[in-house]
Amino acid sequence: MSDAAAIRGASSAFRRLLRRKLALLGLALVVIIVGAAILAPLIAPFDPFEQHFDGLTLVGEPLPPGAPYLLGTDLLGRDLLSRLLYGARTSLIIGVMANGIALIIGTMIGLTAGYFQGWLGAILMRFTDLMMAFPALLLAICLAAIFQPSIWIVAFVIALVNWVQTARVIYTETSALAARDFIAAERTLGASTPRILFRHILPHLMPLIIVWGTLGISTTVLLEATLSYLGVGVQPPTPSWGNIIFENQTYFQSAPWLVFIPGFAILVLALAFNLVGDALRDVLDPTLRGSD
Amino acid sequence: MAALIFRRLIQSALILLGVSFITFFLLYVLPADPVRQIAGRSATPQTVANIREQLGLDQPFVVQYTRYLAGLFHGDMGRSYLQKTDVTTLIMARLPASLLLMAAGIAAELLIGLSMGVIAAIWRGRAVDNSLMMTSFITVSAPQFVVALLLLYVFAVKLGWFPIGGYGTPAHLVLPALTLGILGSGWYARIMRSSMIEVLRADFIRTARAKGLARSRVILRHALPNAILPVIAMIGIDIGIFMGGIVVVEGVFGWPGIGQLAWQAIQRIDIPIIMGVTLVSACAIVLGNLLADLVVPLIDPRIRIR
Amino acid sequence: MKKLLVSTALIAALALPAFAQEALDPDAKSGGGIVITYKDDVATLDPAIGYDWQNWSMIKSLFDGLMDYTPGTTELRPGLAESYDVSADGMTFTFHLRQGVKFHNGREMTADDVKYSLDRVTSPATQSPGAGFFGAIAGYDAMADGSATSLAGVTVIDPATVEIKLSRPDATFLHVMALNFASVVPKEAVEAANGDFGKMPVGTGAFKLAEWTIGQKLVFAKNPDYWRAGLPYLDTVTFEVGQEPVVALLRLQNGEVDVPGDGIPPAKFQEVMGDPAQAAMVVEGGQLQTGYITLNVKTPPFDNVEVRRAINMAINKDRIVQIINGRAVPANQPLPPSMPGYTTDHAGYAFNPDEAKKMLAEAGLPDGFETELYVMNTDPNPRIAQAIQQDLAAIGVKASIQSIAQANVIEAGGAGTAPMIWSGGMAWIADFPDPSNFYGPILGCSGAVDGGWNWSKFCDPAIDAEATAADSMIDPAAPERMKMWSDVYMKVMEQAPWVPVFNEQRYTMKSARMGGADNLYVDPVSIPVNYDYVYVKE
């Protein structure tokens, strides 16, 4: 497959993607959530940070869904719907950023190790194995407890534990590509190493990167939610879907909406990216295609 | 084969060494001071200095780490700063609960996941297949704590079928195991489905069918045992995923395992416990991967060892 | 060593009959057992180490010290000491030990055990968090720096008499001798436990440890040889750990649990209190606790007293009390109302955001300022921090919240890098019921050092001198001493290094079958209940 063919393949892949029902559902959900996040200031009925005095009962309990607070209020009397809409921003920013960093780290390590092999490759892949052996969540909790968590730190921590899978996949694929004739030909023609890596190998890896990038957003969103749920993720009062649950979970029996509405939102976001990612895998990467 | 196992064991040991080094380093650069936690609020600077010296925390990083490693080689994971007990004792007291939960969780995963996969493969392309595959997507997209809280809310709080958490009877085990089972079932279902479809196409199955054997018999006695092989490799990897999530599930259900121990230790910077739990988890992960790599070729001659 | 006892004039001599016989509850029945639950595991039962609110009362039932408190009150009474004498200068205490008291291992307790126990708790090798309490005993400094292995000030006169000399007058010394840290432990059991005494405790207390399954449960069994005749009433006390408060409450309703040790879960509080049948099982009482915000007086603009006063007026304490379901009363001074020395007629800084804003403007900050509020990351503290944040925003102060693990907050507080800290989760709960306990480490100069617990780094030498004078008086309960302490805290509030926010109330829920006076269930020293004196009715 030449470079041009790879690009042509990608554009036809996109058309094939659009023919899949589940993928369309996933895409639609992504668009809705991203739209809600971007338009949050316009569509949120209230300021997500304002602790309304009429948002709590006299004895300090949150209000159930109804008017004027459509999805009810949280334990501080803030409007849950507004917090959810703004929380989508946090989740997406972290999802995209952490995943972007993880993807870059994973690709660079996988690419380097796969192309150069030898001692450099061995060291990099042993390091990757080492990271695989870490209990990821435990590591993330430790890291988050060490640094004072801000959105950026949380994203960074997640990236640090999430690049490993990408690195392994990219490594395998690069190793195979590096052994192929057209790369050997480029090398004998005297092409520089960066040129081979970035002009010839990387374009062939793009489908793989896109697939892992999309699936990775799911993983990242879930990890962010879990960290925030444990209280070591995104800082209050910045809403994130995980920390909304963290703040309200002691009330989950008497005010279940405070836990399950944001929980459902996390599920939908992760599901949307999983659906799109899985469909992308099927259309972009024939080697990984399922048997149907 | 023996040489290979030996090489893999050495590799695993090196990985664990690396894990211990990185964790130790991270805890060393921690901005919080464990000595202040130990010394308490009435401590004089003199007391603080004394404790620091006794624990060897005034030593340079290399010395501290070497000492820790030396202890480790003698099977000594150090003493908890705050509980003043051997970390080994604390972990051993709680490990059985975690292992029980892991075993029950994996059993639940297999039960749910494999059934889903087999059913989907048999009725491939039908509505039941599509809805099962959609379900498998949902389970892999669900946050662990949300599933845990949901099961707790529905089956314990509202219906009262199970206790709201705790430990001791089989009833206590159901919901946490089910949480892990539901979350992990999606992956198994998908792998089982592909594997089953492949096997069902194979010649020996066609022959069996041609001989006039009942469809159900063919599926259960001939196809299933063959299709299940690739799934076994997953179990090893699954141990790693489980070890990562142990903090959350044990926390929600009040399960007295090492996850809760770790969480309390992280809150109070009890470094020897954090180190101990991390290493035990890493051991479990490495062992799981090792098993996946070594056992699968033994039971499936088609897969050759690299 | 010479006996100094005879030459000192005795100003206070307190003697009780040879056998401890006190008025027992005539309704009490002996026998039966109760079940207490906790969320967190019990860390240790070593009296020199245990410093959690949860193991504090457990250790109290396993061990005794020379001094003790009358159950349900803050009144000192002799414990293992039958009586004591204090020299005129208040510098020498002579304790006369009770005879025939046996450890759980059957050996009789003697004066040597008292000395050993005090040496042990002050020895750096023990790493006791309570070592600092014994700072007034002569020879403490030599112990702390490792140059001595025994406290020079503690002398065994004879097997039934111990003399303790102080290096400076300390009005709170008898309270210190009632702390768990001063419990008497048998040397042979400590040595036999080989470092694990916290898991194999042996004391003289009303109960002994019968069983401990780590992470699951502990069983205390009645000590049949307990030296207080007729006590304890219960045969067993079972502590089940790892139990969520919500679960504990449901199990109490099912009759499986007698006292949920972590109290009534916030989300269930209204439900319980709204139901007369359940509310009848709840005992409410005060607690020697204050929740406060520290303002770091070394960090601009909190170095300006006007700014600190303005912050005090900006916080809506009623709203914060509402957020925790009204389970507290708003505070206006560091001391909690049930502490001796509390100033009853103090008005405090009234909530007045407009005035606060004006004061900020006068202090040269008409547009407010930016700052950070540190808080421990467990519920409800981040929520309370956000309520504080909103109150501050109303007067133009932008506070960003740092919600981090307890250890990190304590670190930042000690290092003085945190401009504001909400104390919740780490708040000061008195070690002993004496007003001095709220000053030294958290408001005095001695705590304002690097790593100290005085997070506002407030240090006023004049106030410190008055505090020292109050503590140099010999009678801890003297009205003049209380007057001085009241005065100290009023002067502190004048300088406003804290915003006192609320005093948490205690709500202990007990099963209907439990008996005993209500004050045993809100015992200021034994939380949640005084195990030695409660009983079951059936």
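Residues numbered from 1 in each chain as written. Chains lettered and ligands numbered in written order. Predicted model: local features only at pLDDT ≥ 70, side-chain atom pairs only at ≥ 80, totals over all residues. Heavy atoms only, no water.

Asks: Looking at this structure, how should I read unusual backbone geometry?
Replies: For residues other than glycine, phi is negative in most cases, and the peptide bonds are mostly trans. The omega angle of the peptide bond from A67 of chain A to P68 of chain A is -5°, so this bond is cis rather than trans. Here P68 of chain A is to be found in the loop between α2 (21-43) and α3 (80-116). A cis amide bond links I527 of chain C with the next residue in sequence, P528 of chain C, at an omega value of 5°. Positionally, P528 of chain C belongs in the loop between β22 (514-515) and β23 (535-536). Of note in the backbone geometry, Q117 of chain A takes a positive phi value of approximately 50° without being a glycine. Its location among the elements puts Q117 of chain A in the loop between α3 and α4 (118-132). Phi is positive for A496 of chain C, close to 50°, though the residue is something other than glycine. (Helix = DSSP H or I, 4+ residues; strand = E, 2+ residues; numbered from the N terminus.)

Asks: I would appreciate a short explanation of the pattern of salt bridges in the present structure.
Replies: Residues and elements named next belong to chain A. Under the counting rule described, the total for this entry stands at 27 salt bridges over all chains. Among the salt bridges present, the one from E247 reaches R78, with a minimum N-O distance of 2.9 Å. Here the residue E247 occupies a position in helix α10 (residues 241-248), and R78 occupies one in the loop between α2 and α3, the gap between them amounting to 169 residues. Relative accessible area serves as the criterion here: at 3%, E247 is assigned to the buried category. The class of R78 is buried, set by a relative accessible area of 0%. Between D278 and R281 there is a salt bridge whose closest N-O contact spans 3.1 Å. Within this pair, D278 and its partner R281 are both found in helix α11 (residues 257-284), separated by three residues, close to a single helical turn. (Salt bridge = Lys/Arg side-chain N within 4 Å of Asp/Glu carboxyl O. Buried < 20%, exposed > 50% of the residue type's maximum accessible area, 1.4 Å probe, protein only.)

Asks: What should I look at first to understand the packing of helix α11 (residues 229-253) of chain B against helix α12 (residues 258-267) of chain B in this one?
Replies: Angle between the axes and distance between the axes: these two values describe a pair of packed helices. All names here are of chain B. Where α11 meets α12, the axes come as close as 7 Å, and the angle between the chain directions of the two elements is 100°. Looking at the two axes, α11 sits roughly perpendicular to α12. Across the interface between the two elements, I246, V247, E250 and G251 of α11 pack against I258, G259, Q260 and W263 of α12. Of the residues assigned to the contact of α11 with α12, the class counts are four nonpolar, three polar and one charged. (Axes fitted to C-alpha atoms, helices over the stretch in contact; angles between N-to-C directions. Parallel < 35°, antiparallel > 145°, perpendicular 65-115°, else oblique. Contact = heavy atoms within 4.5 Å. Nonpolar A, V, L, I, M, F, W, Y, C, P; charged D, E, K, R; others polar.)

Asks: When you look at the packing of helix α5 (residues 87-122) of chain B against α11 of chain B in this model, what are you seeing that I'm missing?
Replies: Residue and element names in this part refer to chain B. Running from amino to carboxyl end, α5 crosses α11 at an angle of 125°, the nearest separation of the two axes being 10 Å. Judged by the inter-axis angle, α5 sits oblique to α11. Crossing angle aside, the handedness with which α5 passes α11 is right-handed. Only V231, I235, D238, I239, F242, M243, I246, V249 and E250 of α11 make contact with α5, whose side of the interface consists of S98, L101, M102, I106, E109, L110 and L114. (Left-handed = near helix turned anticlockwise from the far one by under 90°.)

Asks: Looking at this structure, I do not really get the packing of aromatic side chains. What am I missing?
Replies: By convention here, two paired aromatic rings are described through the distance between centres and the angle between planes. Here the structure, examined in full by the defined rule, presents 38 aromatic pairs over all chains. Consider the rings of Y51 of chain C and F181 of chain C, whose centres lie 5.1 Å apart with planes at 85°: the pair is edge-to-face. Pair noted here: Y51 of chain C is in the loop between β2 (33-37) and α1 (53-62) and F181 of chain C is in the loop between α4 (173-176) and α5 (187-193), with a separation of 130 residues, a long-range link. With relative accessibility at 2%, the residue F181 of chain C sits in the buried group. Considering the side-chain rings of F133 of chain C and F181 of chain C, the 5.8 Å spacing of their centres and the 25° angle between planes classify their relative orientation as stacked. With a gap of 48 residues between them, F133 of chain C in the loop between α2 (111-122) and α3 (140-144) and F181 of chain C in the loop between α4 and α5 connect regions that are remote in the sequence. Of the two residues, F133 of chain C and F181 of chain C, neither departs from the other in class, the shared state being buried. Pairwise contacts between aromatic rings join F21, F24, F25, Y28, F61, Y65 and Y68 of chain B into one cluster. Lying across the ring of F269 of chain C, R327 of chain C places its NZ or CZ 4.6 Å from the centre. (Phe/Tyr/Trp six-rings, centres within 6.5 Å; stacked < 30°, edge-to-face > 60°. Lys NZ or Arg CZ within 6 Å of the ring centre and 35° of its normal.)

Asks: Whenever I open this one, the side chain of T73 of chain A confuses me. Can you help?
Replies: All names here are of chain A. Within the fold, T73 resides in the loop between α2 and α3. Here the side chain of T73 touches G55 through a polar contact of 2.7 Å, landing on its backbone oxygen. Of note is the side chain of T73, whose polar atom sits 2.7 Å from the backbone nitrogen of L63. (Polar contact = N/O pair within 3.5 Å; in protein donor to acceptor, adjacent residues only side chain to side chain.)

Asks: Could you clarify how one ought to interpret the interface of chain C and chain B in this entry?
Replies: Size of an interface: often given as the accessible area lost when the parts come together. Counting from both sides, the interface comprises 47 residues of chain C and, opposite them, 38 residues of chain B. For chain C, the biggest contributors to the area lost against chain B are Q127, I214 and E411 of chain C; these three give 17% of the whole. The interface formed by chain C and chain B holds two salt bridges in total. Of the charged contacts in the structure, one is a salt bridge between R79 of chain B and D196 of chain C, with a shortest N-O distance of 3.8 Å. Applying the counting rule to chain C against chain B returns nine residue pairs in polar contact (both at pLDDT 80 or more). Residue assignment for the side of chain C that touches chain B shows that the elements contributing at least two residues are α3, α6 (245-253), α13 (406-415) and β19 (428-429) of chain C. Here the side of chain C that touches chain B gets five residues from one element, more than from any other, and that element is α13 of chain C. Looking at side-chain class alone, the side of chain C that touches chain B contains 21 nonpolar, 15 polar and 11 charged residues. (Buried area = accessible area lost by both parts, 1.4 Å probe.)

Asks: What is the right way to read the sheet that holds strand β10 (residues 217-222) of chain C from this model?
Replies: Strand pairs in the sheet, formed through backbone hydrogen bonds, run parallel or antiparallel to each other. Residues and elements named next belong to chain C. Sheet architecture is open: five strands sit in the order β9-β10-β11-β2-β12, paired in mixed fashion. Two strands lie at the open edges of the sheet, namely β9 (207-213) and β12 (259-260), each paired on one side alone. Here two bridges tie β2 to β12, and the two strands are oriented parallel to one another. Each residue of the ladder has a partner; that of T37, found in β12, is P260. Packed on one face of the sheet, α1 meets β9, β10 and β11 (236-240) and runs near 130° to β9. (Pairing = 2+ DSSP bridges.)

Asks: It is not clear to me how the interface of chain A and chain B should be interpreted in this structure. Could you clarify?
Replies: At the junction of the two partners, chain A supplies 40 residues and chain B supplies 44 residues. Where chain A packs against chain B, one counts one salt bridge. Across the salt bridge formed by D278 of chain A and R190 of chain B, the nearest N and O atoms sit 2.9 Å from each other. One can count three residue pairs in polar contact (both at pLDDT 80 or more) joining chain A with chain B. It is α11 of chain A that contributes the most residues to the side of chain A that touches chain B, 10 residues altogether.

Asks: It is not clear to me how a nonpolar patch on the surface should be interpreted in this structure. Could you clarify?
Replies: Residues and elements named next belong to chain A. Residues V34, I38, L39, L42 and I43 make up a contiguous nonpolar surface patch of roughly 480 Å² in combined accessible area. If you trace the backbone, V34 turns up in helix α2. Residue V34 is classed as partly exposed on the basis of its relative accessible area of 30%. (Patch = residues over 30% accessible without salt bridge, like charges linked within 9 Å, V, L, I, M, F, W, Y side chains within 5 Å. Areas by Shrake-Rupley, 256 points an atom, 1.4 Å probe, with all protein chains shown as cover.)

Asks: Whenever I open this one, the environment of L151 of chain B confuses me. Can you help?
Replies: Turning to its location among the elements, L151 of chain B is positioned in helix α7 (residues 144-158). Filtering out sequence-adjacent residues up to four positions away, L151 of chain B remains in contact with A156, L175, L178, T179 and I182 of chain B.

Asks: Please clarify how the state of the cysteines should be interpreted in this entry.
Replies: All names here are of chain C. For the coordinates displayed, the defined rule picks out one disulfide over all chains. The disulfide bridge from C445 ends at C459, spanning 2.0 Å between sulfur atoms. Here the disulfide of C445 and C459 is right-handed, its torsion about the S-S bond being about 95°. Here C445 is found in the loop between α14 (440-443) and α15 (461-471), whereas its partner C459 is found in the loop between α14 and α15, with 14 residues between them in sequence. You can call C445 buried: its relative accessible area is 19%. (Disulfide = S-S within 2.5 Å.)

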